[in-house]
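Spelled out from the first residue to the last, the chains are:
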Amino acid sequence: MDGAREPVLAALENIDGCLLKYYGCQMSLIGGPSFPAQRDDIARLLTNAIGIAAESEAFQRWKYWDSHPLFPNSRSYVLLEGEIMVAHGCCWPIRLQGSFGELSAMHLIDWAAKRNFPGAGMRVLRLCQQDVDAVFSIGGSEMTRRILPVFGFKSYNSIYFLYRPLRPISPALRNSPRDWKMPARIVRNLGRYIFPRVSLPPGWSVSRTEPHKIPEFLFPRPLADEAVSKRNAELLTHMMNCPVVQDANCYVLRQRNVAKAYFCLIIIRDQARLVDFGPTGLDEQTATALGLAAQNVARSDFKRVLDICVATTEQPVREGLVRSGFRMGTEERIKVFKVNSALQETARFRLTLLDWDAAVL
């Protein structure tokens, strides 16, 4: 085992043992990777414990067991007492790049445990993170937010979520109650739909491309004390092939025929999601052009979408997207459990929607 991780894992072992001792739960729990034959049991546990509705078999297989370019083995782990499933967790793989080189990380998803098995959630977390150097968490239920600090998670920089309607009326009808405020919401969306006008400045252009044709220099690279999540054509292709994605394209943004950025759009139901873009450190002008380009192609290439959303950890990108017509939604602090001490000096993390399952929910 990597020596840099041993003290953290020993501390987790301590907490786990204390929980079990305190509650008198010295039960024979057996944990390990899950198997496709357990999909119904996992679905029931997630529904009963945290209210997640049953998902399609194809989507579960893609998340848990299908080969992944960053994590070829099973990414789903379960804890059993006999034949009873008491806890589950899944790794959403992330490959971090920084001054430390490259490290394996994950976003913990589909994490649930039966309430009458104290300590089971901790134990399945340990199973999930046994081969990674950092664990991420963004958002989550109120209970999850309360217990993460106990497990060693700390808050770092923010990730910002932005939206813009692509049709003037339908988003208001879809997302709002039918009350006396409905006309005002429609007028507001109409204003956001019209202003600012979605047209690229002179000299800028955007063209569709395949993931393997994206220039390598456009993929994110780490800056200073920041860690970035690694990108390549295989990872983008994997995301675009998700069973719940109805359509997907990649694009390259150019200024006077010089490639300045790439971005990837996927369609989930009637929403376009700008799930990824690069390179790192886009200036506000380029980010504005990127936002305009994404809105343009979402309207032209995907006729049924009603709105578009994006997430970014970079403030110049956020400001550029706002200039292009996006509106600020929510802001979340990125919570990280640093397993490997090599990450201790890392103060910021660059992520996009591609880095956890919010991209496809």
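Rules and cut-offs
- Residues numbered from 1 in each chain as written.
- Predicted model: local features only at pLDDT ≥ 70, side-chain atom pairs only at ≥ 80, totals over all residues.
- Heavy atoms only, no water.
- Helix = DSSP H or I, 4+ residues; strand = E, 2+ residues; numbered from the N terminus.
- Buried < 20%, exposed > 50% of the residue type's maximum accessible area, 1.4 Å probe, protein only.
- Contact = heavy atoms within 4.5 Å.
- Areas by Shrake-Rupley, 256 points an atom, 1.4 Å probe, with all protein chains shown as cover.
- Pairing = 2+ DSSP bridges.
- Axes fitted to C-alpha atoms, helices over the stretch in contact; angles between N-to-C directions.
- Parallel < 35°, antiparallel > 145°, perpendicular 65-115°, else oblique.
- Nonpolar A, V, L, I, M, F, W, Y, C, P; charged D, E, K, R; others polar.
- Core = buried A, V, L, I, M, F, W, Y, C linked by side-chain atoms within 4.5 Å.
- Right-handed = clockwise from strand over helix to strand, strands pointing away.
- Salt bridge = Lys/Arg side-chain N within 4 Å of Asp/Glu carboxyl O.
- Arc of directions from axis to C-beta.

A closer look at the overall build of the chain
Across its full length, the chain carries 10 helices and 14 strands. For the chain, buried positions account for 53% of its 361 residues. Across the chain, every contact between residues at least 6 apart in sequence was considered, and the portion connecting residues at least 24 apart equals 74%. Summed over its atoms, the accessible surface of the chain is roughly 16200 Å², and 52% of this surface lies on carbon and sulfur atoms.

Thoughts on the pairing of strand E13 (residues 327-338)
Inspection of the sheet shows strand E5 (residues 134-137) paired to E13 by 4 bridges, in the antiparallel sense. Counted as the bridge partner of valine 135 is phenylalanine 337 from E13. One ladder, built from 7 bridges, connects strand E6 (residues 154-165) with E13; its direction is antiparallel. Across the sheet, isoleucine 159 pairs through a bridge with glutamate 332, a residue of E13.

Digging into the packing of helix H2 (residues 39-50) against helix H3 (residues 57-64)
Two packed helices can be described by the angle between their axes and the distance between those axes. Contact geometry of H2 with H3 gives a least axis separation of 11 Å together with a crossing angle of 90°. In terms of orientation, H2 lies roughly perpendicular with respect to H3. Residues Arg39, Ile42, Ala43 and Leu46 of H2 form the contact with H3, whose participating residues are Glu57, Gln60 and Tyr64. Along the lines of polarity and charge, the residues of the contact of H2 with H3 split into 4 nonpolar, 1 polar and 2 charged.

Focus on the environment of threonine 346
The topology assignment puts threonine 346 in the loop between E13 and strand E14 (348-350). Residue threonine 346 is classed as buried on the basis of its relative accessible area of 5%. For the pair threonine 346 and glycine 98, spaced 248 residues apart in sequence, the C-alpha to C-alpha distance is 8.2 Å. Ignoring sequence-local partners within four residues, the contact set of threonine 346 consists of Phe100, Tyr156, Asp225, Glu226, Ala227 and Lys338.

Quick notes on the nonpolar core
If you look at the biggest cluster of nonpolar residues, it comprises 54 residues, and the most contacted ones within it are Leu96, Phe136, Ile159, Leu236, Ile266, Leu353 and Val360. Counting 28 residues, the second largest nonpolar core, distinct from the first, contains Tyr160, Phe277, Ala294 and Val317.

Let's talk about the pairing of strand E12 (residues 307-312)
E12 sits mainly inside the fold: 6 of its 6 residues count as buried. Alternating residues of E12 divide into Asp307, Cys309 and Ala311 and Ile308, Val310 and Thr312, and every residue in both groups is buried. When strand E11 (residues 271-278) meets E12, the two strands line up parallel, connected through 4 bridges. The residue bridging alanine 272 from the neighbouring strand is isoleucine 308, located in E12. With respect to chirality, the unit in which E11 leads through helix H9 (residues 284-301) into the neighbouring parallel E12 is right-handed.

A word on H3
Listing the buried residues of H3 in full gives Phe59, Gln60, Trp62, Lys63 and Tyr64. Residues of H3 that are buried make contact with H2, strand E2 (76-81), strand E3 (84-98), strand E4 (101-113) and helix H8 (233-240).

With respect to the pattern of salt bridges
Summed over the entire model, instances satisfying the criterion amount to 15 salt bridges. For the salt bridge of arginine 221 with glutamate 216, the shortest nitrogen-to-oxygen distance reads 3.7 Å. Three or more residues are tied together by salt bridges with common partners; here these are Glu55, Lys63 and Asp110.

Some thoughts on helix H10 (residues 315-323)
Those residues of H10 that fall on the buried side of the exposure criterion are Val317, Arg318, Gly320 and Leu321. Projected down its long axis, H10 shows its buried positions confined to an angular sector of 165°, all on one face. Where H10 is buried, its residues contact E6, E11, H9, E12 and E13. Just beyond H10, the residue with positive phi is glycine 325, at close to 115°.

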